[in-house]
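What follows is the residue order along each chain.
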Amino acid sequence: MQANWQKKGVGDFKYHVGISSLTQVASRDDRVCVLNILGGESSEVTPVSHAYSGGNVVCGTAPGKGGAVLETSIGNIPVYNNVRDALAAGHRFSCGVVYLPPSAARDGVAELIRVNPDLRKIFIITEKISVHDAREIRAMGQQNGIDIFGANGLGVADSWNQVRIGGALGGDKPGDSLRPGSIAIFSNSGGFSTTIAQYLRMAGWGTTTVISSGKDVYIHYAAPEFAFALANDARSKAAVLYCEPGGYYEFDARFTKPVVACVVGRWKSKLTRAVGHAGAMAGGSDDALAKERWFMDKFGVDAIFTPDNPVFSAKGALVTNIAHIPAALTAVMRANATMPDFAAEGNLALKPWFGSDEGLQLPDELRLPVVEALAPYNEQVALLNTQIGGVVPRQAMKDASGASQMDTKTQVSSLHGTSMLDAATLPLESNVALALVHDAGGENDRKLIAPAVAAYVNLHGRPELVAAEASREAGNAPNAVLAAAAAIVGPKRQQAARAALKFMLERFHAAGLGTEFGASLSEDFDIAKVDASDPPGLTTDTPDARAQALIAGVQARGARSVFLRWLQSRPGHPTEAAVLAAISATLAWGPLSRKRISLITAQNFPWWLQLFGTLIGASAEASRHEAGRFCGVAQEQMLGSLSLGEIAFAALLGHTPGEKDLFAFQTLVGLLLTNGPGAISAQGAKGAVSADGPEQPERVQLNKALVGFLTHTGYAHGGNGYEGIAYLNEQFKASGLTDPSAKDHGIDLKALAARAVEQYAQYKSQKKTVGSLDIAKLPGVNHPVFKDKPVNFDPREVFIAKLQEARGDSNVFHDFYRALVQQLFDAGVSRNVYCVNVDAVIAALLLKMLWKPLQSGEIGERELETAAFTIFLYPRMLGCAAEIDDHLNRGRNMDTRTVASLCKFVA
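Residues numbered from 1 in each chain as written. Predicted model: local features only at pLDDT ≥ 70, side-chain atom pairs only at ≥ 80, totals over all residues. Heavy atoms only, no water.

> I would appreciate a short explanation of the overall build of the chain in the present structure.
The secondary structure content of the chain amounts to 33 helices and 22 strands. Taking 907 residues into account, the globule formula puts the C-alpha radius of gyration at 29 Å, and the chain, at 37 Å, lies well above it. Taking the principal axes of the C-alpha coordinates as reference, the chain spans close to 105 × 85 × 65 Å. Buried positions account for 55% of the 907 residues belonging to the chain. (Helix = DSSP H or I, 4+ residues; strand = E, 2+ residues; numbered from the N terminus. Rg over C-alpha atoms; globule rule 2.2 N^0.38 Å. Buried < 20%, exposed > 50% of the residue type's maximum accessible area, 1.4 Å probe, protein only.)

> So what exactly am I meant to see when it comes to the sheet that holds strand β16 (residues 413-415) here?
For sheets, the rule is that strands pair by backbone hydrogen bonds, running either parallel or antiparallel. The strand order across the open sheet formed by three strands is β15-β16-β17, and the pairing between neighbours is antiparallel. Each end of this open sheet is capped by a strand with a single partner; those strands are β15 (404-406) and β17 (418-419). For β15 and β16, the ladder comprises three bridges, and the chain directions are antiparallel. In the sheet register, glutamine 405 faces β16, and the bridge partner there is serine 414. (Pairing = 2+ DSSP bridges.)

> How do you make sense of the pattern of salt bridges when you look at a structure like this?
In a structure, side chains of opposite charge can pair up when their charged atoms sit close to one another. Applying the stated criterion across every chain yields a total of 28 salt bridges. In this structure, arginine 892 and glutamate 695 form a salt bridge, with 3.9 Å as the shortest nitrogen-oxygen distance. With a gap of 197 residues between them, arginine 892 in the segment after α33 (861-890) and glutamate 695 in the loop between α26 (680-692) and α27 (702-711) connect regions that are remote in the sequence. Three or more residues are tied together by salt bridges with common partners; here these are Arg106, Asp107 and Glu136. (Salt bridge = Lys/Arg side-chain N within 4 Å of Asp/Glu carboxyl O.)

> Would you mind going over the nonpolar core with me for this structure?
Membership of the largest hydrophobic core comes to 167 residues, with the highest contact counts inside it found for Phe508, Trp566, Phe732, Phe816 and Leu820. Looking at which element gives the most residues to this core, the answer is α33, with 15 residues. Residues in contact with phenylalanine 732, not counting those within four places in the same chain, are Leu737, Ile747, Leu749, Leu752, Val812, Phe813, Phe816 and Trp851. If you look at the next biggest cluster of nonpolar residues, it comprises 47 residues, including Ile19, Val34, Val79 and Phe226. (Core = buried A, V, L, I, M, F, W, Y, C linked by side-chain atoms within 4.5 Å. Contact = heavy atoms within 4.5 Å.)

> Is there a simple way to think about the pairing of strand β14 (residues 316-319) in this case?
Regular strands place their side chains on alternate faces of the sheet. Here β14 shows no split at all, with Gly316 and Leu318 on one side and Ala317 and Val319 on the other all buried. Pairing between strand β13 (residues 259-263) and β14: four bridges, direction parallel. Bridging across to β14, cysteine 262 finds its partner in valine 319.

> How should I be thinking about the packing of aromatic side chains in this particular structure?
The relation between two aromatic rings is expressed through the spacing of the ring centres and the mutual angle of the planes. Inspection of every chain in the model, using the stated rule, returns 26 aromatic pairs. Note on phenylalanine 503 and tryptophan 566: the rings are 6.3 Å apart at their centroids and 35° apart in plane angle, and the pair reads as tilted. In this pair, phenylalanine 503 is assigned in helix α17 (residues 495-510) and tryptophan 566 in helix α19 (residues 562-568), connecting sequence segments 63 residues apart. With relative accessibility at 2%, the residue tryptophan 566 sits in the buried group. What links up through ring pairs into an aromatic cluster is the set Phe503, Phe508, Phe525, Phe563, Trp566 and Trp589. The ring of phenylalanine 342 is capped by arginine 179, whose NZ or CZ atom sits 3.7 Å from the centre of that ring. (Phe/Tyr/Trp six-rings, centres within 6.5 Å; stacked < 30°, edge-to-face > 60°. Lys NZ or Arg CZ within 6 Å of the ring centre and 35° of its normal.)

> Teacher, can you tell me more about a nonpolar patch on the surface here?
A cluster of nonpolar side chains, namely Trp353, Phe354, Val371, Leu374, Tyr377 and Leu384, defines an oily patch on the protein surface of about 580 Å² accessible area. You can see leucine 374 is positioned in the loop between α10 (325-335) and α11 (377-385). Owing to a relative accessible area of 63%, leucine 374 belongs among the exposed residues under this scheme. (Patch = residues over 30% accessible without salt bridge, like charges linked within 9 Å, V, L, I, M, F, W, Y side chains within 5 Å. Areas by Shrake-Rupley, 256 points an atom, 1.4 Å probe, with all protein chains shown as cover.)

> Can you walk me through the sheet that holds strand β21 (residues 629-630) in this structure?
In space, the three strands of this open sheet follow the order β20-β21-β22, with antiparallel pairing throughout. The open sheet has two edge strands with one neighbour each: β20 (625-626) and β22 (633-634). Bridging between β20 and β21 involves two bridges; their strand directions are antiparallel. Each bridged residue has a counterpart across the sheet, and for histidine 625 the counterpart in β21 is phenylalanine 630.

Taken by themselves, the reported measurements are silent on function.
If you want it as structure tokens, here you go:
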């Protein structure tokens, strides 16, 4: 390699700089060779640069692909194996662009310099070049009088010359951002180079030369060189610098024209290792704060420019937000008696075409006005605004969910963003709302959900009860009993209510019922505006007893509904289906308006409400269903005053609960709602939807999907809660315990735990003596995630314990488990203190509810096991309903199947 470093450069630099003016950075006379021209990035970017620049790329290289071409809109660019072949073919160029991988960039630069004596500039797009290679690249450029830009940059562009060399400055349409003007841009960030140019254009400022310097350790063409070339460019009246931490380049730059400097990255000074663009780290004196001080000293200002505090001088201004650059530049240039290059083209403030506050009461400054979109999007937006509800894209949903997830660290699952710990504090009605409308709803929602579900609990004289009882008498487990009832509640059962609901939603939407919070409850909405022509059988000539009972229940609870008010104003008597539709419309209207749920979801509400009530009712034996009464409770009381939790408790145990039992019951419901999409029960529900084909959602049978959930529960998944109950019952059966919620229960828990540990230790010893590895574990103790600390806790158990403590409640079974894990450690049975896991909490809560009827003989061990299984089915029914709805909206046909290549045959 022949050194020609003795050629004199420009300026008084102590090193070679060949560019004296920004006009020379990218000109129409430049001809370009691109290394790795067929690579992923270059093949996308180079054709745009070539066309924008009038055909400045003469050739490219791609080893092993000589003879290929890169197609562009103005002609093909020939490709050679190496630079020497390109020169031999007669091509001449002064600029090289390097898109090579980091390990090859140094050799690429060496090849360009070694074989091409006409070379004057190199633009390195490659990032993460090693410091060693960067030093050698620097040395080669200096020795041979070559100006190098980058690395890790996006090249350069000149708006006046309409030339772009290197990367993607200006994007796919450079002319849209790079309008000729009087401002030069020098930016450490390639992406923000274009953003700043666009911001300036909106404010009336065009650009001259835009340089993306890159931000590797070496910035080969840095701020001092830029400042010198800026001073000699008559087109450029000022400059904008975008600076990141690291390096002293800006400190050494001597600017003779006004500058707006944007310094970012204060947070990087807290780091102890580099991230992203090479930046200053803790302990350095070239961090963002240091660079801010440098520029304030250069400009003679004492503060950062903001719209509220516009500090600037004729020399310049410092900003830390790129959005403030246009205002700062305009102020600085006005101080220099210079006006913008052209009329402002607008601003880049957020101009939403859509808007929804999700029912939140936002302050005015956050309530952004919606503007009309540009044509032709305005027509499309207008059409979308007539759409009721949201729409989500379809995708394969095997082992995936948009409804539930489990935090693998805490093992706490959530449903529609509500953790099961929070759900454990909610009434049953709120958890129904969570499954249907994707949030817990409000008081009025609860007042509507309770009677709507309760109306379908008493199955006296209905085929659902006949089917359930036949299944029960055949010896089936609770899940099979409920599945028999669910099978009866097929699509025809909800057709009338579905049609009525569709009619109401469409007509009220057309009548202009608002989307604001509480619109569906409004007493002021003029129901006369609703077009009631051609209704789908909403009323009859004779009273409908079930409809009247449901309306009376809603009224007794004080619930409000504009839909129900409108329905009652119609001639005739509302049908049961129409009343159910009106309640469903009220529940759905807000979430639909906010695009939180889809129309498909809303139209299924009547079916879900019927199914939930039916399955709760079917869990009770036929003898508890009487004309006008359920479990001894009058129908009017069920619809008009009892909570859904009280009704479900009565279905489970035959009587309504006290306050403490109701709390325990509702806590269990929240804890058991979901365990994420990987749970067997969820997989069964999702598989049923997938098999029906969610891409034609009208074909999916919700009752069959619930049967899929039910058939995927069993004594190992759902009924396994009985193991913990049975264990506790065994420990306490001879203790004389009468009230597990009494704080003065009189039981020596430490002694009881010590006996249990001694028995378990003897059991383990006997098993080991006979060489058996089949040692049963204590139910409710230890967890595969929470196990490696000296003292371990399951956060779910801790939450429930604190919840009980805050209420002043006591649970002797829960307290026993805590004594048990401590005793296991004290006796040397465990190497550390195990956690009490959430299964123990569930068992303790269940047995607390069931202890008195168990001790009195009202229920036996068989009934105890049935109750333990059923209490799992109630909440998981809601969680799986959410999975079913999610898969119905998002999934694809047969997307839960396992491909044959992943299956295996076992001989």
